[in-house]
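Single-letter residue listing:
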Amino acid sequence: MSLAIDLRRLRFRYGGGPWVLDIPELTLARGERAFLFGPSGSGKTTLLGVLAGVLEANEGEVRVLGEDLASLSSAQRDAFRAQHIGYVFQMFNLIPYLSVLDNIALPARMDPARRARLDGAGVKETAALLADHLQIGDLLKKPVTELSVGQQQRVAACRALIGAPELIVADEPTSSLDFDRREAFLELLFQECERAGATLVFVSHDRTLEGMFSHRISLPDINRAVL
């Protein structure tokens, strides 16, 4: 079985503080849709930071898409993330002075590997196609500051998906939406992940969504640091 995520004896803490993560083992196969849940303070966002190479584990093995992140320098982890990981932030982190189109296109413009995976299509054309798939194709010229929260959420998802990254990490991106809109957004996100062959790790404290996922991970059950 080809693994997207393979963690062994992972431990992490901020500075000299208490352990935030202490996970003996966590694996996830490529192509799976995983729902990672737990209450506030259980380490969800910290774990995503480790998986994305934003944070460096203090101990243990962190293999993502077959790459040993512990063997990489900070700059190498940044490059790996840019090439292989799409990140949907909880607060979206869109660039306020850019249009919808330019926000979506940004990762492919900045990283040659993401751009090369467009299969000959142009960056703008691919960004526009993703926007159409997520039903915001009529908003491409608008500044993102003029969009609703739900529309900004879809821009952030398109930005994460452009250039077919192998792993999509989403940190509670639906927390400000009502249930029907959350479900609709997830269905669209699933379709795009399947189209790209991407693995999805979706973090939320809202367990009403977990039935939509093929794999469910309770962080308090695997993270000994919160016991």
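What comes next is a walk through the structure. Since the structure is predicted, the reported quantities are computational estimates derived from the model, not experimental observations. (Residues numbered from 1 in each chain as written. Predicted model: local features only at pLDDT ≥ 70, side-chain atom pairs only at ≥ 80, totals over all residues. Heavy atoms only, no water.)

### Some words on the packing of aromatic side chains
Summed over all chains, the structure comprises seven aromatic pairs. Pairwise contacts between aromatic rings join Phe35, Phe37, Phe190, Phe202 and Phe213 into one cluster. If you follow Arg13 out to its NZ or CZ, it ends over the ring of Trp19, 4.3 Å from the centre. Across from the ring centre of Phe190, 3.9 Å away, lies the NZ or CZ of Arg33, which sits over that ring. (Phe/Tyr/Trp six-rings, centres within 6.5 Å; stacked < 30°, edge-to-face > 60°. Lys NZ or Arg CZ within 6 Å of the ring centre and 35° of its normal.)

### Side note on empty space enclosed by the protein
In this approach, a probe sized like a water molecule rolls over the atoms, and the result shows the empty space that is left. The final tally for this structure, using the stated rule, is one cavity of 30 Å³ or more. As a volume, the largest cavity reaches approximately 50 Å³. What lines the largest cavity is Ile5, Leu26, Leu28, Ala34, Leu36, Leu47, Leu51, Val201 and Ile217. Secondary structure elements with two or more residues in the lining of the largest cavity: strand 2 (19–29), strand 3 (33–37) and helix 1 (44–51). Considered class by class, the residues forming the lining of the largest cavity number nine nonpolar, no polar and no charged. (1 Å grid on protein atoms, 1.4 Å probe; cavity = no way out; pocket = protein on both sides within 12 Å on 5 of 7 lines; lining within 4 Å. Points joined across faces, edges and corners; volume = space filled by probe spheres on them. Helix = DSSP H or I, 4+ residues; strand = E, 2+ residues; numbered from the N terminus. Nonpolar A, V, L, I, M, F, W, Y, C, P; charged D, E, K, R; others polar.)

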